[in-house]
Every structure is written in C-alpha cells, then in structure tokens.
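Chain by chain, the residues run as shown.
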Amino acid sequence: DAKTTQPPSMDCAEGRAANLPCNHSTISGNEYVYWYRQIHSQGPQYIIHGLKNNETNEMASLIITEDRKSSTLILPHATLRDTAVYYCIVRVWEYGNKLVFGAGTILRVKS
Amino acid sequence: NAGVTQTPKFQVLKTGQSMTLQCAQDMNHEYMSWYRQDPGMGLRLIHYSVGAGITDQGEVPNGYNVSRSTTEDFPLRLLSAAPSQTSVYFCASSGTANSNQPQHFGDGTRLSIL
C-alpha cells in the first residue's frame with residue numbers, strides 16, 4: 001500500500017545538486033512526506049520531512065508542490081558518500097505511526 | 001549519543017529455535033516499532049508500542065512476540081524460528097505515536113534461519 005512513486009535509479013556528478021522526485025498524488029491533507037535514505041543496508045537514516053511548506057535543514061531541502069501531489073528532495077552538493085537508496089514516504093496514521101516504504105530511488109554519485 | 005541500539009548485529013539460528021532481538025533507545029521516546037526488510041521489498045511493520053505496557057500488532061505479526069516493560073526497551077521474540085523469518089530486522093523509535101516527529105532507526109539485526 002505504498003503511496004509514493006519514485007524513479008528506480010538516478011545518477012549525479014559529485015559536487016552537483018541531486019534532485020530526487022517523488023509523486024504522492026493520493027496524499028491526504030494531514031499526511032506528512034518524509035525522506036529517508038539507506039546506505040549499504042544500514043538502518044534507514046532520517047533526512048527531512050514536510051507538510052506543505054518547503055523545508056531546509058543541514059542535510060537537504062524539500063520542495064513540495066502547491067497541490068501537494070509531488071515533492072523533490074534536493075541534496076545541494078552531492079558527495080560519493082551520498083550514494084544510497086532514498087525513500088520518499090507518506091506517514092499513515094494506522095498502526096500508531098506507520099511508515100509506508102516503497103522501493104525507493106538508488107542514487108549513484110559519480111566522480 | 002547512542003540513539004537506537006540493536007543487538008545482536010548478526011545471528012544464525014536453526015529452524016525451531018527461539019531467540020530475542022534486543023532494542024534499546026535512550027531518547028525517552030514513547031513510540032517504538034519493529035520492521036523487517038526482505039530483498040526487493042520495503043520495510044514491513046511487525047509490532048509496535050505507543051508506551052510502556054502497551055503493544056499492538058503491525059502488518060506481519062505472526063511468529064513474533066513483543067513486550068514493553070520499560071520506556072527504553074522493546075525486545076522482539078521469535079517463538080519458533082522458520083526459514084521464512086530470515087530477514088534484516090530494524091527497530092525504530094519516535095517521541096509519541098500521533099506526532100510528526102521522525103522515527104529514528106537502529107542499524108539492524110541480520111538473521112538467518114537454517
């Protein structure tokens with residue numbers, strides 16, 4: 001019951017911005033969008049989340065469209081260590097606090 | 001700055017054996033959960049807890065038990081291990097159940113059932 005759609009893979013040159021898109025056309029009004037990444041089968045690492053406003057933190061920026069049907073995660077200056085699987089997740093309120101993980105996007109940062 | 005700690009990191013069991021996967025967090029989080037991750041699939045929720053003394057089933061609870069006697073600890077028990085339970089198990093926690101605070105994950109336990 002994943003509620004998001006992401007491209008299966010993307011490449012990015014080291015030092016350039018990486019823009020990862022996500023579609024969530026069925027998102028409800030009170031559901032947040034979260035981004036996580038997973039490196040080498042480590043535990044998923046939280047990156048950023050938002051409801052309808054654009055958000056920025058020390059790791060990334062999140063741009064959410066006005067209709068909230070899609071969003072873009074921006075890594076401003078990608079490094080080789082940013083190579084990972086990136087998950088765009090809509091949090092649903094069943095099971096207390098369930099995160100619905102899809103297949104994610106494999107981002108390969110190349111030198 | 002420990003966050004969510006899972007032990008052991010790796011484990012091999014024989015079919016029918018039982019074991020407990022440990023999860024501890026030092027952030028005073030009320031909400032804790034267990035997920036499993038299988039190749040080609042996203043994480044699936046096994047059990048969760050919204051506070052000490054309160055647990056409930058997630059999407060794939062069969063074959064697993066949990067308890068929450070303290071805020072810090074949320075162990076996952078395999079009652080009689082089966083090969084279908086070979087997976088990577090992740091524990092996660094967040095401040096409260098019905099909030100937008102992000103969940104933080106441990107580094108996982110890689111479990112193989114022979």
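The structure this text deals with has already been given above.
Residues numbered from 1 in each chain as written. Chains lettered and ligands numbered in written order. Predicted model: local features only at pLDDT ≥ 70, side-chain atom pairs only at ≥ 80, totals over all residues. Heavy atoms only, no water.

A. Representation of the overall build of chain B within the structure. Helix and strand content of chain B: 0 helices and 11 strands. Going residue by residue from the N terminus, the α and β elements of chain B occur as β-β-β-β-β-β-β-β-β-β-β. Its C-alpha atoms give chain B a radius of gyration of 13 Å, within 12% of the compact-globule value 13 Å for 114 residues. Over its C-alpha atoms, taken along the principal directions, chain B stretches across nearly 40 × 25 × 25 Å. If you take every contact in chain B between residues at least 6 apart in sequence, the share linking residues at least 24 apart comes to 53%. Summing over all exposed atoms, chain B offers an accessible surface of approximately 5,100 Å²; the carbon and sulfur share of this is 49%. Of the charged side chains in chain B, 7 are positive and 8 negative, and the gap between their average positions amounts to 11 Å. (Helix = DSSP H or I, 4+ residues; strand = E, 2+ residues; numbered from the N terminus. Rg over C-alpha atoms; globule rule 2.2 N^0.38 Å. Contact = heavy atoms within 4.5 Å. Areas by Shrake-Rupley, 256 points an atom, 1.4 Å probe, with all protein chains shown as cover. Lys, Arg positive; Asp, Glu negative; His and termini not counted. Charge placed at Lys NZ, Arg CZ, Asp CG, Glu CD.)

B. Spotlight on the overall build of chain A. If you tally the helices and strands in chain A, you get 0 helices and 10 strands. Counting from the amino terminus, helix and strand elements in chain A follow one another as β-β-β-β-β-β-β-β-β-β. For chain A, whose C-alpha radius of gyration is 13 Å, the value lies close to the compact-globule estimate of 13 Å for 111 residues. Expressed along its principal axes, the backbone C-alpha trace of chain A runs to roughly 40 × 30 × 25 Å.

C. Broad picture of the side chain of B:Q37. Position of B:Q37 relative to the elements: it lies in strand β4 (residues 31–37). Taking relative accessible area as the criterion, B:Q37 reaches 14% and is therefore assigned buried. One polar contact links B:Q37 to A:Y87, side chain to side chain, over a distance of 3.5 Å. Look past the residues within four positions of B:Q37 in its chain and what remains in contact with it is A:Q38, A:Y87, B:G42, B:L43, B:S87, B:V88 and B:F90. (Buried < 20%, exposed > 50% of the residue type's maximum accessible area, 1.4 Å probe, protein only. Polar contact = N/O pair within 3.5 Å; in protein donor to acceptor, adjacent residues only side chain to side chain.)

D. Up close: the state of the cysteines. Residues and elements named next belong to chain A. On inspection of all chains with the given rule, the structure shows 2 disulfides over all chains. Here C22 pairs with C88 through a disulfide, and the sulfurs are 2.1 Å apart. Residues C22 and C88 share a disulfide whose torsion about the S-S bond is about -80°; that sign makes it left-handed. Taken as a pair, C22 in strand β2 (residues 18–23) and C88 in strand β8 (residues 84–91) lie far apart in primary sequence, 66 residues in all. For the pair formed by C22 and C88, the shared burial category is buried. (Disulfide = S-S within 2.5 Å.)

E. Highlighting the sheet that holds strand β8 (residues 76–78) of chain B. All names here are of chain B. One open sheet accounts for 4 strands, arranged β1-β3-β8-β7; its pairing is antiparallel. Unpaired on one side and paired on the other, β1 (4–7) and β7 (64–66) mark the two borders of the sheet. Ignoring which end each strand starts from, the neighbouring axes of this sheet average 20° apart. The sheet contact formed by β7 and β8 spans 3 bridges and is antiparallel. Note on β8: the bridge partner recorded for Y64 is L78. (Pairing = 2+ DSSP bridges. Axes fitted to C-alpha atoms, helices over the stretch in contact; angles between N-to-C directions.)

F. Looking closely at the interface of chain B and chain A. Across the boundary between the two partners, chain B contributes 24 residues, which contact 21 residues of chain A. Note on chain B versus chain A: buried area summed over both sides is about 1,800 Å², and carbon and sulfur give 51% of it. Among the residues of chain B in contact with chain A, B:N100, B:Q103 and B:F105 are the three that bury the most area, contributing 28% of the side total. Inspection of the region where chain B meets chain A yields 7 residue pairs in polar contact (both at pLDDT 80 or more). (Buried area = accessible area lost by both parts, 1.4 Å probe.)

G. Quick look at the environment of A:P44. Relative to the helices and strands, A:P44 resides in the loop between β3 (33–38) and β4 (45–50). Relative accessible area serves as the criterion here: at 4%, A:P44 is assigned to the buried category.

H. Quick look at unusual backbone geometry. Cis peptide bonds are those with omega within 30 degrees of zero, and the linkage from B:T7 to B:P8 qualifies with -5°. Of note, B:P8 is situated in the loop between β1 and β2 (10–13). Look at A:R68: it is not a glycine, yet its phi comes out positive at around 65°. With a relative accessible area of 9%, A:R68 lands in the buried category. The phi angle at B:N28 is positive, at roughly 60°, despite the residue not being glycine. Along the chain, B:N28 falls in the loop between β3 (19–25) and β4. A relative accessible area of 59% means that B:N28 is categorised as exposed.

The values are spatial; any link to function lies outside them.
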